[in-house]
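Residues per chain are reported as follows:
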Amino acid sequence: MTNHQRDPIEAWLSTDVELMPPPPGAFERVHRRARHRRAMKAVTAAVGAAVIIAAGVTVPQLASGLLSGHPTPPAKIALRPEPQPMPAGGPSALPGPRLSTAGHGPPPAAGFRPLSVTFVGPSLGAVLGRAGRCGPGRCTAMAGTHDYGTNWTEIAAPPAGPPDGAAGVSQVRFFNAKNGWAYAPALYATHDGGESWHAINTKGRRVVDLSTVGDRAFAVLASGCTGTGAQFASGCTRFRLFSTPKSADRWQSVPGASGTGLAAPGGLQLTGQGGYLIVGGRLYAGPVTAGRWHLVPPSPSTPGCLKDHAPHEVRLIAPNLDALYLTCGSTQGTVSLGLYVSRDRGYSWRSLPHVPVAADAATSLATSPAGPLILASKTGLYYSGDARAWRKARGPVPAGGFSFAGMTTSSNGVAVAAAPVPAVYITTDGGLSWRARSIR
Amino acid sequence: MARLRTADREAAEELFNACYPRLAGWVRRLVDDDETAHEIAAEAFTRLLSRWSGLDNPQSYLYMIATNLVRDHWRKTSRERRAIRTMAATVPKEPSWHPAQDVDVRDLIESLPPRLRSAFLLHYYGGFGVKEVAVLLGRPEGTVKADLHHARAKLKAAVGEVS
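Glancing now at the overall build of chain A. Helix and strand counts for chain A come out as three helices and 29 strands. Out of the 440 residues belonging to chain A, those deemed buried represent 51%. For chain A, restricting intrachain contacts to residue pairs at least 6 apart in sequence, the fraction spanning at least 24 positions comes to 51%.

Shown next as structure tokens:
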């Protein structure tokens, strides 16, 4: 480039834009100011109502597809030229109802038992589960809802059975009404709302976790695993984080996020500001672009469970825009879970009062933009509005408790029972109370 | 109604999380400090969210607002910056130009006529195609292409004069 010195315009234009994550609480401030300004505008009540309705219908589509045609932020593309390990391939399922048709199709398959749930907005969601007798490779079923779990209809499922070695699926995640993935331990993708699914070749690795944010999906793949069936993630010795644009199957390894250790389901947590991955007592963090992740170095305030790598330790993380929460405790003799919070992305931590749940009972930790924490456990769902005082959430507790709880908005959340019951559990008050919603 | 408001907010947050880092970074290259970049990016989002439900392309609108805010910022600070440059003129310049020295190029872009500047920033820096810029600015594509050509020619000429 002989003209670099002579043509600063070219050089300036070719310099990548450095991404600048928003300061903590920035969205809250922006949203508050926007709401105030909107209120100040002299609009009629009727027009105002129409505007809100239009936003509710159209904005999710706009927002989710915003960056698809936009150049990927080049400043953070530092991918090492590693080979793509997961070219698309494999059979497709027979075309079936799309997620977008949820609420307007046939009822869910008889005997549907949910395993995993995903929501792509305040009302549209899907569950993956089992129905009927599990023959070779075929008993996975899916159902969709367009009214946050009140009504369910059948949607097409990937042609997979329950976990069996590196085959089968047990979890589902949709980015929007079009792009979704069924996984754990195999990996299937759809880009037409579930009408058709195709297998992604993981080359024998097992997909332990998968999450989506921004315009990408991230997946944790493990190798060296010895577990079978539902314990497919046990015994794994190595892990590697991969990511892909949401609407494509271009999975590439995320630099800086691989190594030895036992990756557990739920260890990958993403926000719009960044992602976290906890593996065997190590915390990794990085951008939710295709950029490099890093191992967060321990500091004097780092909890012990992030300094040692004890195998019998439960570690659950839940980030929101302001904080990263961590619960941990040994499953051997500990009566309650330690709770910690970091407001600088895992570099320094503050200890909070313990959670009144035995470590070996905790299964899932969630938080929401508004801040409350929800802990799912074998004994029920627990709620804390300030990360200090905990109360048991109101509502039914199925036998065996819950395997998962997550918040899709500040008010709406969903939980999945540990036992195969034909229902999911819904909250619409921020997690204080939960109701069973049958899937039938 | 509460559910609709929740939907609105959730979609707004999704948009914010997806677009803010790049928008703020984009602005940062056009202003002098991180704080101003964050202020402008936040203000652009505030204006967008206060009326976004009627928009077909919120991302384009964001960049248009940000472009205008950057222009306003330049206008406000131009007197101060001129004074600083006058003082700095006594300091010997480094012998070679480095891409990181955005301010020099920024000054040149700032000196472009507004008509050329908007097209230049949106296309070459905002990453929008000629067609999108044409829609954003309400001009024919051919006109935008010509504006971009003229903008580059002016900038190159200005660089020649400076050096």
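A tally of helices and strands in chain B yields seven helices and zero strands. Secondary structure elements of chain B occur, N-terminal to C-terminal, as α-α-α-α-α-α-α. Taken over 163 residues, chain B has a buried fraction of 42%. Considering only contacts within chain B whose residues lie at least 6 apart along the sequence, 55% involve residues at least 24 apart.

Residue and element names in this part refer to chain A. With antiparallel pairing, four strands are arranged side by side in an open sheet as E10-E11-E12-E13. A single partner strand is all that each edge strand has here, and the edge strands are strand E10 (206–213) and strand E13 (252–260). Within the sheet, the average angular offset between the axes of one strand and its neighbour, ignoring direction, is 15 degrees.

Bringing the sheet that holds strand E18 (residues 313–319) of chain A into the picture now. Residues and elements named next belong to chain A. Strand order in the open sheet formed by four strands is E18-E19-E20-E21, with antiparallel pairing between adjacent strands. Edge strands, defined here as strands with exactly one partner in the open sheet, are E18 and strand E21 (350–355). Sheet twist, expressed as the mean angle between neighbouring strand axes with direction ignored, is 20 degrees. With five bridges joining them, strand E19 (residues 324–330) and strand E20 (residues 337–342) adopt antiparallel strand pairing. Paired with Leu-324 across the strands is Ser-342, a residue of E20.

For the rest of this paragraph, the subject is the nonpolar core. Formed by 115 residues in total, the largest nonpolar core has its most connected members in Tyr-188 and Ala-415 of chain A. Broken down by element, this core gets its largest block of residues, six residues, from strand E11 (residues 216–223) of chain A. Discounting chain neighbours no more than four positions away, the residues touching Ala-415 of chain A are Ala-376, Leu-381, Phe-402, Phe-404, Ala-405, Val-424, Tyr-425 and Trp-434 of chain A. Ala-18, Ala-24, Trp-26 and Met-64 of chain B belong to the second largest nonpolar core, which has 47 residues in total.

Residue and element names in this part refer to chain A. Given a rise of 1.5 Å per residue, 15 residues ought to cover 21 Å, and the 21 Å separating the end C-alpha atoms of helix H2 (residues 26–40) matches this to within 8%. Within H2, burial applies to Phe-27, Val-30 and His-31. Each buried residue of H2 lies within a common arc of 95 degrees when the element is viewed along its axis, so the set occupies one face. Relative to its buried face, H2 has exposed residues pointing more than 90 degrees away, namely His-36, Ala-39 and Met-40.

Before going further, it helps to spend a moment on the confidence of the model for chain A. Residue and element names in this part refer to chain A. Summing up the model confidence of chain A, the mean pLDDT is 80 and the portion of residues at 70 or higher is 82%. The least confident element of chain A is helix H3 (residues 45–64), whose mean pLDDT is 27; the most confident is strand E7 (residues 180–183), at 96. Counting contacts from residues 1–6, a segment whose pLDDT is below 50, to residues more than four positions away or on other chains yields four contacts. Every residue in residues 42–94 is under pLDDT 50, and counting partners more than four places away or in other chains gives 95 contacts.

Let's shift gears to the environment of Gly-266 of chain A. Residue position: Gly-266 of chain A is located in strand E14 (residues 263–271). Taking the C-alpha atoms as reference points, Gly-266 of chain A and Ser-364 of chain A, 98 residues apart in sequence, are found 7.2 Å from one another.

What counts and what doesn't
Residues numbered from 1 in each chain as written. Chains lettered and ligands numbered in written order. Predicted model: local features only at pLDDT ≥ 70, side-chain atom pairs only at ≥ 80, totals over all residues. Helix = DSSP H or I, 4+ residues; strand = E, 2+ residues; numbered from the N terminus. Buried ≥ 20, exposed ≤ 12 C-beta atoms within 10 Å, placed from the backbone. Contact = placed C-beta atoms within 7 Å. Pairing = 2+ DSSP bridges. Axes fitted to C-alpha atoms, helices over the stretch in contact; angles between N-to-C directions. Core = buried A, V, L, I, M, F, W, Y, C linked by C-beta atoms within 7 Å. Expected span 1.5 Å × (residues − 1). Arc of directions from axis to C-beta. pLDDT = per-residue confidence, 0-100.

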